[in-house]
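# Structural overview for review
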12 protein chains.
Amino acid sequence: MKILVLNGPNLNLLGQREPETYGRATLPEIETLARDTAKRLGADLDFRQTNHEGELVGWIQGARGTADAIVINAAAFTHTSIALRDAIAAIGVPTIEIHLSNVHARESFRHHSTISAVCRGVIAGFGAHSYVLGIQAAVNIIVTRC
Amino acid sequence: MKILVLNGPNLNLLGQREPETYGRATLPEIETLARDTAKRLGADLDFRQTNHEGELVGWIQGARGTADAIVINAAAFTHTSIALRDAIAAIGVPTIEIHLSNVHARESFRHHSTISAVCRGVIAGFGAHSYVLGIQAAVNIIVTRC
Amino acid sequence: MKILVLNGPNLNLLGQREPETYGRATLPEIETLARDTAKRLGADLDFRQTNHEGELVGWIQGARGTADAIVINAAAFTHTSIALRDAIAAIGVPTIEIHLSNVHARESFRHHSTISAVCRGVIAGFGAHSYVLGIQAAVNIIVTRC
Amino acid sequence: MKILVLNGPNLNLLGQREPETYGRATLPEIETLARDTAKRLGADLDFRQTNHEGELVGWIQGARGTADAIVINAAAFTHTSIALRDAIAAIGVPTIEIHLSNVHARESFRHHSTISAVCRGVIAGFGAHSYVLGIQAAVNIIVTRC
Amino acid sequence: MKILVLNGPNLNLLGQREPETYGRATLPEIETLARDTAKRLGADLDFRQTNHEGELVGWIQGARGTADAIVINAAAFTHTSIALRDAIAAIGVPTIEIHLSNVHARESFRHHSTISAVCRGVIAGFGAHSYVLGIQAAVNIIVTRC
Amino acid sequence: MKILVLNGPNLNLLGQREPETYGRATLPEIETLARDTAKRLGADLDFRQTNHEGELVGWIQGARGTADAIVINAAAFTHTSIALRDAIAAIGVPTIEIHLSNVHARESFRHHSTISAVCRGVIAGFGAHSYVLGIQAAVNIIVTRC
Amino acid sequence: MKILVLNGPNLNLLGQREPETYGRATLPEIETLARDTAKRLGADLDFRQTNHEGELVGWIQGARGTADAIVINAAAFTHTSIALRDAIAAIGVPTIEIHLSNVHARESFRHHSTISAVCRGVIAGFGAHSYVLGIQAAVNIIVTRC
Amino acid sequence: MKILVLNGPNLNLLGQREPETYGRATLPEIETLARDTAKRLGADLDFRQTNHEGELVGWIQGARGTADAIVINAAAFTHTSIALRDAIAAIGVPTIEIHLSNVHARESFRHHSTISAVCRGVIAGFGAHSYVLGIQAAVNIIVTRC
Amino acid sequence: MKILVLNGPNLNLLGQREPETYGRATLPEIETLARDTAKRLGADLDFRQTNHEGELVGWIQGARGTADAIVINAAAFTHTSIALRDAIAAIGVPTIEIHLSNVHARESFRHHSTISAVCRGVIAGFGAHSYVLGIQAAVNIIVTRC
Amino acid sequence: MKILVLNGPNLNLLGQREPETYGRATLPEIETLARDTAKRLGADLDFRQTNHEGELVGWIQGARGTADAIVINAAAFTHTSIALRDAIAAIGVPTIEIHLSNVHARESFRHHSTISAVCRGVIAGFGAHSYVLGIQAAVNIIVTRC
Amino acid sequence: MKILVLNGPNLNLLGQREPETYGRATLPEIETLARDTAKRLGADLDFRQTNHEGELVGWIQGARGTADAIVINAAAFTHTSIALRDAIAAIGVPTIEIHLSNVHARESFRHHSTISAVCRGVIAGFGAHSYVLGIQAAVNIIVTRC
Amino acid sequence: MKILVLNGPNLNLLGQREPETYGRATLPEIETLARDTAKRLGADLDFRQTNHEGELVGWIQGARGTADAIVINAAAFTHTSIALRDAIAAIGVPTIEIHLSNVHARESFRHHSTISAVCRGVIAGFGAHSYVLGIQAAVNIIVTRC
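These notes cover the structure that comes with them. (Residues numbered from 1 in each chain as written. Chains lettered and ligands numbered in written order. Predicted model: local features only at pLDDT ≥ 70, side-chain atom pairs only at ≥ 80, totals over all residues. Heavy atoms only, no water.)

### A short note on the interface of chain A and chain B
Residue-level contacts link 20 residues of chain A with 20 residues of chain B. With both chains or domains summed, chain A and chain B bury close to 1700 Å², and 59% of this area falls on carbon and sulfur atoms. At the boundary of chain A and chain B, one finds zero salt bridges. Inspection of the chain A/chain B interface yields nine residue pairs in polar contact (both at pLDDT 80 or more). Looking at the side of chain A that touches chain B, the elements with two or more residues in it are strand E5 (121-124) and helix H5 (129-144) of chain A. Considering every element that reaches the side of chain A that touches chain B, the biggest residue donor is H5(A), with six residues. When its residues are assigned to classes, the side of chain A that touches chain B shows 11 nonpolar, eight polar and one charged. As defined by bridge partners, E5(A) adjoins strand E5 (residues 121-124) of chain B across three bridges and the pair is classed as antiparallel. The residue bridging A:Val122 from the neighbouring strand is B:Ala124, located in E5(B). (Contact = heavy atoms within 4.5 Å. Buried area = accessible area lost by both parts, 1.4 Å probe. Salt bridge = Lys/Arg side-chain N within 4 Å of Asp/Glu carboxyl O. Polar contact = N/O pair within 3.5 Å; in protein donor to acceptor, adjacent residues only side chain to side chain. Helix = DSSP H or I, 4+ residues; strand = E, 2+ residues; numbered from the N terminus. Nonpolar A, V, L, I, M, F, W, Y, C, P; charged D, E, K, R; others polar. Pairing = 2+ DSSP bridges.)

And the structure:
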């Protein structure tokens, strides 16, 4: 059971960047939390971050045949990238969209996501715990096959 | 640790109603699943359903001082009820919005929620498992106090 | 052959309320007209009115397995209630939307109906005769099974 | 008692054209159904079809002083023709707008009608039976003079 | 001279609920203030609160023939309820819309009121004093008959 | 000096049709008024009416090389016809848009004209006198060549 | 206790101008009514009218340190003037927006006010009595200091 | 027979200002042309220009009882001034809106006029000749009293 | 292999009409080019032009069973005609939309096509060569049957 | 080298007015800063403020032939005045738009400027230093003649 | 004669990715088809694909002086990338926009292209054959130099 | 004092690319001008250009702790990149947005900037001199610490 956790632009700054919005956990701390969750649920984790949309597209494409599910925090790309949407739609690997902050309580341009419609589900607003819930949701989808 | 799980209009029809959208689990089955989750996490559960917006408002008001968190599937009211929004904002009890279906992959009038901005977070698209994730998120908020 | 005729908020005021818009017939008079029509067509009629959206939702749910068709004048709820829409979509009983007045010749907020898309058809603008036409359409749908 | 039934563009293709949307009845079959209905109600029927907006405008103009009511299925012109609207408003003959399909359950550009506001009422979604209901509504308006 | 003062959803929480927005006065304190104002102006007061739209509609309907004016703080229903609008328009009793907070200085969805157009006037932003002004306006309308 | 005066759909009904909006003059009376104006100014008049957009397009095309100016009351086509716009733009004959009624004081869908931008100028709201002013404007353009 | 009552463009025409909308009281009569109200409440009144936005801005600026509250009927400027808004926001003197007519029951361009968000509250629709209520609200704010 | 011709902001620059848009005639030249037209038609002319909206409002108010008609080129105020609209509506003197350029062939913010709906008619696009036509239309309205 | 090439309003003016937009080729010259292309590809060509929407609808209807593909330059009707759309959707003959000019580089009202969604594909911007490409695309669809 | 620095409504309140938005410098202090900058760059400065749009229009008109450049902080008029836009476009003197605050980080109605499109450039958000930069930009334009 | 064929994100997945939308041809198969077409027409082909917007921008820039035409399937970037638009506009090499699917028959966010306005023309909806048509169009432009 | 000057996509083409819009200076010439300005003001300059959004995000992130201010010409990314916005907001280094052209005088999609709201200020329209002004503004912010 292999889960790919993908992180979009500026998430490498977590912990320092606007902690009142994104929380105080750094990305490595979140990775540790995610790995612990995955291990507890018997899943293998591949955890990555990039500021490049094209690289994110490539990673999603690479999940085809190598990962059972994707958990993605697309950050700023969430609201503008059709390329991510097309990649997710193309590969047929169940994908879960997560966000640290409650995007619906922020600026209106963060209320729309281009990828939600091609993801299985969305989890937003629980800080680092969004990753825990996302991985758990992924495992549940893989195990129940629905 | 007490969690109030509230269900809005037509959720009493679950299992029979458009199963390709909402899944095959009935509301009593979901209640059982929710109770098992709560018990496993050491929480007490109060699980209710109503077709009346006013009753839902009253239940939210009643959570003040009696519940540690609310998990709410407001169903159709999600998209139109400012009364629910005001009730949630008024009581100061952490509230988690959940949905069975991925509302963002459906009709455009389901893409907007009037209550998201006053909830802690949103979980949508995981069928009955959305309740499990919602309760878990609630417990995490209660335990970590953030 | 059983037909449920449902009336939404303020229709209990008919005859007194803005007669130039809604006509001079009272709701009891309309009920009599509707019963006569149904009797003539060999149908049984259940005729109700409520100001409560939740009660209307409950009545629609109750039609499942007990009524062959619904004729609904949702009045003000026509333009805002997604709960009614979800109830109609859920039960699979053919439903006909009717209006006394020609809603398209009135304020622009009355031009949109949240329930039309899940009803079989719409009849608007014929005063009390809209009920006669609605019942006739219902009987035709029941009899021809399409 | 004379009723003019007017049919707009492409309705001459009925029966062959997208039967899942418009039903399997051909226009001649619908004409027969309409004539039977009119005869039963003691009315004389003039039934026509054209693909030309200008011809439809001319027919509506000609109804002045020669017809007691118009039943019109303007088809595609429903959504764009202000000329039809002006003609209907100009002649003062009660006009009933009908549609075979439930236009509100189709593409959004079919949700708006330019003529509804100048018609007495609207009937949509009952297939060929929409013509029966429309003629009946017309007779009722002529007979009751309101 | 009888005045009906109606309060919509969540106003029973006043004093506790977001005092920086709604002030520190509780609803009973406001009722006392309103009663004092009415008594001083020689009017009889009927003061009620409900979280149910349907109940509010019923109370407005009941004012017909029993009250000389209505002062209504429809709270959240202000922005969404066409049923309230229709009830007010139907009964012909002069109605005054009031708000504790200055709705125009808050979220944009609070800037529009569905009922303003059928009320005599609007008073917003003066906290509990809005009730005093509303009653006074009502008395002035009753006394001057315009 | 030859001027082509073109009239769109339903203008043949003038005098009978909604006189409070369009005035009491019939189209033949307006034609007489227009001919008198033209004669007084030394111009030759060709005055036509049609309910067919295609015919109007053809008449505009025919003005090329045969008329010095066009005065057009496109009536309902004013608001929807791009074909008229393209025809006017194509032929290079100065064209003046006129309206009997003040379109800006009527329904909002009459506020926009598809042809104004390719006409020399617009005259609206002066009843039959709009034709007099339009012809005069046409003569002025022809004579001053600007 | 000093209150500045400011009147915008065209209010000098009151009594003559569209009395069905604005009432029959002239501005001098309203001034007398306002002075009586102020005197009764122990306040000093400065009552002015201008058709110049710039002059209105200057008067608002002048209130700083010289008036305890402003009651303003900005008339047509209500809907377009950001300069008034900035002036009111700049001076920190509590300001009350009033209107003779119920602006929400009129043309849609009168539904929005550029100044409401920086005023303490809004009173609209009570004719000349709006001034009485506005002054009373002003006195209440001055006296209660909130 | 007295006609007031009013000119809004920047029209004092005519002839120098963007001649390809506004023509080469200066305002004094246009005044001469207007005076000649008025004299020929037996009318008295009062011709003014101002850059101040308030002054324009005052001049319109002053027309009440002193002028039989107004011809107004409100220039930039055309698109934003509700104060002008209210003044025109208030005084009951027939008013004709004119423009030198064809505003509909220019930037989209020039397509809407706040005053058209309260004017008798609109003339646009004929350069200085728009004044001639406007005065003629005014005389026609005065003479025919309609 | 029979291909129907249809041309909408004003295309009969090609060569003379705004050559910088539409090119210098006349419609007969384009017809010759189209015939040469068809002959080279072994197809039979039927080439027509009309200014009447109704005639265009009729020609499309006539293609059913007599043509293997349609290449249509609907010109101005492209942007407004739902009747054309319905005709194309009704007949099931593969249809290719073509344009001489690059409509997306022109006025915004030319950016939307009502027929694109029911055509197989769109070719725009290549002048007379758009016809060559359109016929080639049509032949390819006929030959490959997809 | 002469530069005209123009200041719109409420800028006379600077220093006192919302210092967190506009800074603590008063307008005379800013004038001194501007004069020092101009002197350093060899330019002559004319520095003015008004609350009247008409006066601002007049000052801009007066710059024609007397000033080499204009630096304008139109304040509230920035967002609504087409008269200012027309004046700037008319005179052909290079004009630079400046703002103290970063208008794009404030209310949405401050994001649009009616004058930007006719100015050479825009400088916003640097407090009093915006004037320094604006004068410098003006000098650069005058000196480089581009 | 050198033609650069550029492919945007996710096109490397062709054949596997949603074949009902994009067809069953893989990108290498399309490249072969394109090369055959080019060879037949005497052109040299450079065929590339990338998921990186920046790389695509670089390739377009590189076409300046090295390619005679560009054929670009920008895929997801079509709808969002202004950088591509600026690059195409900057280099002056004729560019043809192509799409495999008929974008106008899909989700509404695919109906708008940011690059169409700076391309020579657009070809969409013919599957792999869109490349053949695109190359042919490119050759025609190169050869005819228009 | 270290200033990072960042340049977005296609700016490497400056001088050749549409000189009437962007000026004739090449990017190296602008770099020289910027370096001269920085040197004169005692600042160190780091000047870079990229076509990759991800690289630009990385450079902004890298400014944290290494640069005192950023001057950014984000070019096409200005209008679409939320990733840039998030990066600028995250690092807390004062950032100044500059543009060569006056974006407000160009296509409407260039009027909105996603980054303005998180920058200190904006400078647009002065060609290469925008860089001089931007650096000066940066130095002023660093020196005055506000």
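### Some details on the sheet that holds strand E4 (residues 95-99) of chain C
Spatially, the 10 strands line up as an open sheet ordered E2(C)-E1(C)-E3(C)-E4(C)-E5(C)-E5(D)-E4(D)-E3(D)-E1(D)-E2(D), and their pairing is mixed. Among the strands making up the open sheet, the edge pair consists of strand E2 (44-49) of chain C together with strand E2 (44-49) of chain D. Strand after strand, the sheet turns through a mean of 20 degrees between neighbouring axes, direction not considered. The pairing of strand E1 (residues 2-7) of chain C with E2(C) spans six bridges and is classified as parallel. In the sheet register, C:Leu4 faces E2(C), and the bridge partner there is C:Asp46. Against the sheet, helix H5 (residues 129-144) of chain D touches strand E5 (121-124) of chain C together with strand E1 (2-7), E2, strand E3 (69-73), strand E4 (95-99) and strand E5 (121-124) of chain D, its axis set at about 165 degrees to E4(D). (Axes fitted to C-alpha atoms, helices over the stretch in contact; angles between N-to-C directions.)

### Details of the sheet that holds strand E2 (residues 44-49) of chain F
Within the open sheet, the 10 strands sit side by side as E2(F)-E1(F)-E3(F)-E4(F)-E5(F)-E5(H)-E4(H)-E3(H)-E1(H)-E2(H). Their pairing is mixed. Every interior strand has two partners, whereas the edge strands, E2 of chain F together with strand E2 (44-49) of chain H, have only one. The sheet shows a mean angle of 20 degrees between the axes of neighbouring strands, direction not considered. The pairing of strand E3 (residues 69-73) of chain H with strand E4 (residues 95-99) of chain H spans three bridges and is classified as parallel. Within E4(H), the residue paired with H:Ile70 across the bridge is H:Thr95. Packing against the sheet, helix H2 (residues 27-40) of chain F makes contact with strand E1 (2-7) and E2 of chain F, and its axis sits at approximately 160 degrees to E2(F). Sheet strands in contact with helix H2 (residues 27-40) of chain H are strand E1 (2-7) and E2 of chain H, and its direction is about 160 degrees off that of E2(H).

### What to know about the relation of the copies chain A and chain B
A rotation about some axis, followed by a shift along it, carries one copy of the chain onto the other. For the pair chain A and chain B, the relating rotation is 180 degrees, the translation along its axis is 0.0 Å, and the fit reaches an RMSD of 0.0 Å. On this basis, the relationship between the two copies can be described by a two-fold rotation axis. Closest to the rotation axis within chain A is the C-alpha of A:Ile123, separated from it by 2.2 Å. Same-surface contact between copies: 100% of interface residues of chain A are shared with the interface of chain B. (Least-squares fit on C-alpha atoms with pLDDT ≥ 70 in both.)

### Some words on the interface of chain L and chain K
Facing the 17 residues of chain L at the interface are 17 residues of chain K. Counting each side, the surface lost to burial between chain L and chain K is near 1300 Å², with a carbon and sulfur contribution of 54%. When the buried surface of chain L facing chain K is broken down by residue, L:Asn10, L:Leu13 and L:Asn51 rank first, second and third, together holding 30% of it. Here chain L and chain K share two salt bridges between them. Here L:Arg110 ties to K:Asp86 by a salt bridge, and the two come within 2.9 Å at their closest N and O atoms. Between chain L and chain K we count four residue pairs in polar contact (both at pLDDT 80 or more) in total.

### A word on the packing of helix H3 (residues 53-62) of chain L against helix H4 (residues 82-91) of chain L
When two helices pack together, their arrangement is given by the angle between the helix axes and the distance between those axes. Residue and element names in this part refer to chain L. Put simply, H3 and H4 touch, their axes get as near as 9 Å, and they point 5 degrees apart. Relative to H4, H3 is oriented roughly parallel. Side by side, H3 and H4 meet where Glu-53, Leu-56, Val-57, Ile-60 and Gln-61 of the first sit next to Ala-83, Leu-84, Ala-87, Ile-88 and Ile-91 of the second. (Parallel < 35°, antiparallel > 145°, perpendicular 65-115°, else oblique.)

### Points about the pairing of E1(C)
All names here are of chain C. When you tally the buried positions in E1, you get five out of six residues, the bulk of the element. With five bridges joining them, E1 and strand E3 (residues 69-73) adopt parallel strand pairing. When the bridges of E3 are listed, Leu-6 appears paired with Ile-72. (Buried < 20%, exposed > 50% of the residue type's maximum accessible area, 1.4 Å probe, protein only.)

### Observations concerning the relation of the copies chain L and chain K
With an axial shift of 0.0 Å and an RMSD of 0.0 Å, the rotation relating chain L to chain K amounts to 120 degrees. On this basis, the relationship between the two copies can be described by a three-fold rotation axis. When the interface residues of chain L are mapped onto chain K, a mere 12% of them again fall at the interface, so the copies present different faces.

### Observations concerning the packing of aromatic side chains
Residue and element names in this part refer to chain C. Tallied over the full model, the rule gives 12 aromatic pairs over all chains. Where Phe-47 meets Tyr-131, the ring centres are 6.2 Å apart and the plane angle is 35 degrees; that geometry is what we call tilted. Here Phe-47, found in strand E2, pairs with Tyr-131, found in helix H5 (residues 129-144); they are 84 residues apart in sequence, far enough to count as distant. (Phe/Tyr/Trp six-rings, centres within 6.5 Å; stacked < 30°, edge-to-face > 60°.)

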